[in-house]
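# Understanding the architecture of this molecule
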Amino acid sequence: MSQLSKILRRASVYIPTVIGEEYGGGYFAGYMRADSQRYALVVAKKADGEYPSRVSLLKAAVGSAGASMWNGRANTEEMYALLASGSAADAIRFCYELTIGGYTDWAVPATQQADLLYRAFKPGDTDNSTQSDTANPYADPATGPYTASSPSVTTLANFKDGGSEAFQTLAQYWTSTNNFTLYRRLFTTGAIGGGGPPGDPYYVRAVRMVKIPG
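Residues numbered from 1 in each chain as written. Predicted model: local features only at pLDDT ≥ 70, side-chain atom pairs only at ≥ 80, totals over all residues. Heavy atoms only, no water.

## So, the pattern of salt bridges
Two side chains bearing opposite charge may form a pair once their charged atoms approach each other closely. Our working definition: In what follows, salt bridge is the name for a side-chain nitrogen of Lys or Arg lying within 4 Å of a carboxyl oxygen of Asp or Glu. Numbering goes from the N terminus for both helices and strands, where a helix is a DSSP run of H or I of at least four residues and a strand is a run of E of at least two.
The tally for this structure, following the rule as stated, stands at nine salt bridges. With a shortest N-O distance of 3.1 Å, E97 and R93 are connected by a salt bridge. Put simply, R119 and D115 hold a salt bridge, and the shortest N to O gap is 2.9 Å. Note that R119 and D115 are positioned in helix 5 (residues 111-121) at a spacing of four residues, about one turn of the helix. In the salt-bridge network here, residues are joined through shared partners; they are R33, R38 and D140.

## Re the nonpolar core
So the rule is basically this: Only buried residues count toward a nonpolar core. Its members are Ala, Val, Leu, Ile, Met, Phe, Trp, Tyr and Cys residues joined through side-chain atoms within 4.5 Å. When accessible area is computed with a 1.4 Å probe and restricted to protein chains, residues below 20% of their type maximum are described as buried, those above 50% as exposed, and intermediate ones as partly exposed. The contact definition used throughout considers only heavy atoms, calling two residues in contact when any of these lie within 4.5 Å.
Residues L57, M79 and V108 are the most contacted members of the largest nonpolar core, which totals 28 residues. For this core, the secondary-structure elements that each account for two or more residues are strand 2 (26-34), strand 3 (37-44), helix 4 (91-96) and strand 7 (207-212). Tallying contributions element by element places helix 4 first for this core, with four residues. Apart from residues no more than four positions distant in its own chain, M79 is found in contact with L57, L58, V62, A65, G66, I92, S176, N178 and L182. A34, F159, V207 and M209 belong to the second largest nonpolar core, which has 23 residues in total.

## Points about the sheet that holds strand 1 (residues 22-23)
Going by this rule: A pair of strands is labelled paired if DSSP reports no fewer than 2 bridges between them. Between N-to-C directions, angles span 0 to 180 degrees; the directions come from axes that are lines fitted to C-alpha atoms, helices contributing only their stretch in contact.
Strand order in the open sheet made by the four strands is 1-2-3-7, with antiparallel pairing throughout. What marks the edges here is a single partner per strand, and that holds for strand 1 and strand 7. Where strand 3 meets strand 7, six bridges bridge the pair, whose relative direction is antiparallel. The partner of V43 across the bridge, within strand 7, is V207. Contacts from helix 5 reach strand 2, strand 3 and strand 7, with the element oriented near 130 degrees to strand 2.

## Remarks on the pairing of strand 5 (residues 182-186)
In terms of burial, strand 5 is a largely internal element, four of the five residues being buried. Pairing between strand 4 (residues 172-178) and strand 5: four bridges, direction antiparallel. Bridged to Q172 within strand 5 is L186. Bridge count between strand 5 and strand 6 (residues 192-194): three bridges; the pairing is antiparallel.

## Brief notes about the sheet that holds strand 4
Sheets are built from strands paired through backbone hydrogen bonds, the pairs being either parallel or antiparallel. Read from one edge of the open sheet, three strands run 4-5-6, paired in antiparallel fashion. Edge positions in the sheet fall to strand 4 and strand 6, since each of these pairs with one other strand and no more. Across the sheet, the mean angle from the axis of one strand to that of its neighbour is 35 degrees, orientation sign disregarded. Set on the sheet, helix 3 (residues 72-80) makes contact with strand 4 and strand 5; between it and strand 4 the angle comes to about 80 degrees. Where helix 5 meets the sheet, its contacts fall on strand 4 and strand 5, and the angle it forms with strand 5 comes to roughly 0 degrees.

## Some details on empty space enclosed by the protein
Under the convention used in this document: With a 1 Å grid spanning the protein atoms alone, the term cavity applies to any set of points in which a 1.4 Å probe fits but cannot get out, the term pocket to an open set with protein on both sides within 12 Å along at least five of seven lines, and the term lining residue to any residue with an atom within 4 Å of a point. Grid points are joined across faces, edges and corners, and a volume is the space filled by probe spheres set on the points.
Under the counting rule described, the total for this entry stands at one cavity of 30 Å³ or more. In this model, the largest cavity occupies a volume close to 50 Å³. Taken together, P109, A114, L117, F167, Y173, W174, T175, R185, F187 and R205 make up the full set of residues lining the largest cavity. Every element with two or more residues in the lining of the largest cavity is listed here: helix 5 and strand 4. For the lining of the largest cavity, the element with the highest residue contribution is strand 4, accounting for three residues.

## What about the side chain of Q112?
By the secondary structure assignment, Q112 is in helix 5. A residue is classified by how much of its surface remains accessible, and Q112, at 7% relative accessible area, is buried.

## Points about the packing of aromatic side chains
Aromatic rings in a pair are described by how distant their centres are and how their planes are angled relative to each other. Spelled out, the test is: Two rings from Phe, Tyr or Trp (for Trp, the six-membered ring) form a pair when their centres are within 6.5 Å of each other. A pair whose planes differ by under 30 degrees is stacked, one over 60 is edge-to-face, and the rest are tilted.
According to the stated counting rule, one finds 15 aromatic pairs in the structure shown. With 5.3 Å between their ring centres and 85 degrees between their planes, Y51 and F94 make a pair best called edge-to-face. Residue Y51 is found in the loop between helix 2 (46-49) and helix 3, and its partner F94 is found in helix 4; the two are separated by 43 residues along the sequence. The exposure class of F94 is buried, given its relative accessible area of 18%. On the basis of an interplanar angle of 70 degrees and a centroid distance of 5.2 Å, the ring pair of F167 and Y173 is categorised as edge-to-face. For Y173, a relative accessible area of 3% gives the class buried. An aromatic cluster of at least three residues, connected via ring pairs, comprises Y118, Y146, F167, Y173, F187 and Y203.

Quick look at the structure:
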């Protein structure tokens, strides 16, 4: 990035336009809209914001915390408040306590944020799940359910299977959404999984959202 570009970014609200461009402490993953506000979704770089192994979501009962389908930060804050002092590492603590690029508002993605990550950065060419609940009304623009071939594998080499930023294939990632069950996203097909206690081990990759005009 040129010095002029850096100056312009600091002087005004920079709105990213290219999926995968460096932005906001990570990579731009797409737009979301909720409560009449538009957001840019940012996924953390793998070395900074993906837990290095499978990990529990929370070492406590979640109760009614985590109802949002789109606001991972709100869910993460609610669940973090349930943690006992000095408890062992888990996905909620890992994301909530992250500081990357000076930003401290990282979160376990809500299920519709995880959908945007899959659409932007699908790592492999396995056919997608065609279950009906893969539509995303919070994406901007809103998206319909997956087909077998859409979304397609990412064109970004670093996010393809084996790349330095790629999501794990054949593995599920935690979301922070708790709607009578805890949800996960499979990054092989995009399928949504549910059920099981918060102590079950899955992967996690942190996200944050940036308010933008529009």
